[in-house]
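# Structural overview for review
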Amino acid sequence: MKSKPESDFFYMVFEVVRLIPPGRVTTYGAIAKCLGMKGSSRMVGWAMNSSHSHHSKVPAHRVVNREGLLTGKHHFATPMMMQQLLEKEGIKVTKDKINGFKNHFWDPNEALKM
DNA sequence: TAGCTGACGAAAA
DNA sequence: TTTTTCGCCAGCT
């Protein structure tokens, strides 16, 4: 009997990613650290992959790796979609990398801290 | 059932 | 300083 719809990990990850404000991006490690899974950064990305089965909308395009590279773009409907979405939110993306990544970086710890 | 993969990150050499 | 290896934990075959 599972009381949880999905694993707590994935659910929390989805919630955090969903909390990301428009025009801001975060990293897998930041989310993982926020959830207390510092070393489980992989799970965060893996959760995104599972997000396809998740009915909730998870702005995975706002989640990039620590380098600000759109590593997961390939998992979207189209690799270009991720960049388009980011640019549409005002984030400049050059060569699959966020221009001024740290400038758009959003720390989930601050959001949960409140 | 058991093992491998996987959208990363950090530490060690 | 840069490069390489290990660790995370769960889902999928």
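Right above here is the structure, for reference.
In short, a report on the structure. (Residues numbered from 1 in each chain as written. Chains lettered and ligands numbered in written order. Predicted model: local features only at pLDDT ≥ 70, side-chain atom pairs only at ≥ 80, totals over all residues. Heavy atoms only, no water.)

## A closer look at the protein's contact with DNA strand B
Near DNA strand B, the surroundings consist of 17 residues, among which Tyr28, Ser41, Met43, Trp46 and Arg66 are the closest. When the atoms of DNA strand B within 4 Å of the protein are sorted by group, sugar and phosphate make up 55%. Within the residue set of the surface near DNA strand B, elements represented by two or more residues are α2 (28-35) and α3 (41-50). A total of seven residues in the surface near DNA strand B trace back to one element, the largest contributor, which is α3. (Near = heavy atom within 4 Å. Helix = DSSP H or I, 4+ residues; strand = E, 2+ residues; numbered from the N terminus.)

## Here we look at α3
Buried residues of α3: Val44, Ala47 and Met48, and no others. Projection of α3 onto a plane perpendicular to its axis shows the buried side chains occupying an angular sector of 100 degrees, all on one side. Turned more than 90 degrees away from the buried face of α3 sit Arg42 and Trp46, all of them exposed. Elements in contact with the buried residues of α3: α1 (8-19), α2 and β2 (63-64). (Buried < 20%, exposed > 50% of the residue type's maximum accessible area, 1.4 Å probe, protein only. Arc of directions from axis to C-beta. Contact = heavy atoms within 4.5 Å.)

## So, the packing of α2 against α3
Relative to each other, α2 and α3 sit at 105 degrees, their axes nearing to 8 Å. In this view, α2 runs roughly perpendicular relative to α3, as classed from their interaxial angle. Side by side, α2 and α3 meet where Tyr28, Gly29, Ile31 and Ala32 of the first sit next to Ser41, Val44, Gly45 and Met48 of the second. The residue inventory of the contact of α2 with α3, partitioned by class, reads five nonpolar, three polar and no charged. (Axes fitted to C-alpha atoms, helices over the stretch in contact; angles between N-to-C directions. Parallel < 35°, antiparallel > 145°, perpendicular 65-115°, else oblique. Nonpolar A, V, L, I, M, F, W, Y, C, P; charged D, E, K, R; others polar.)

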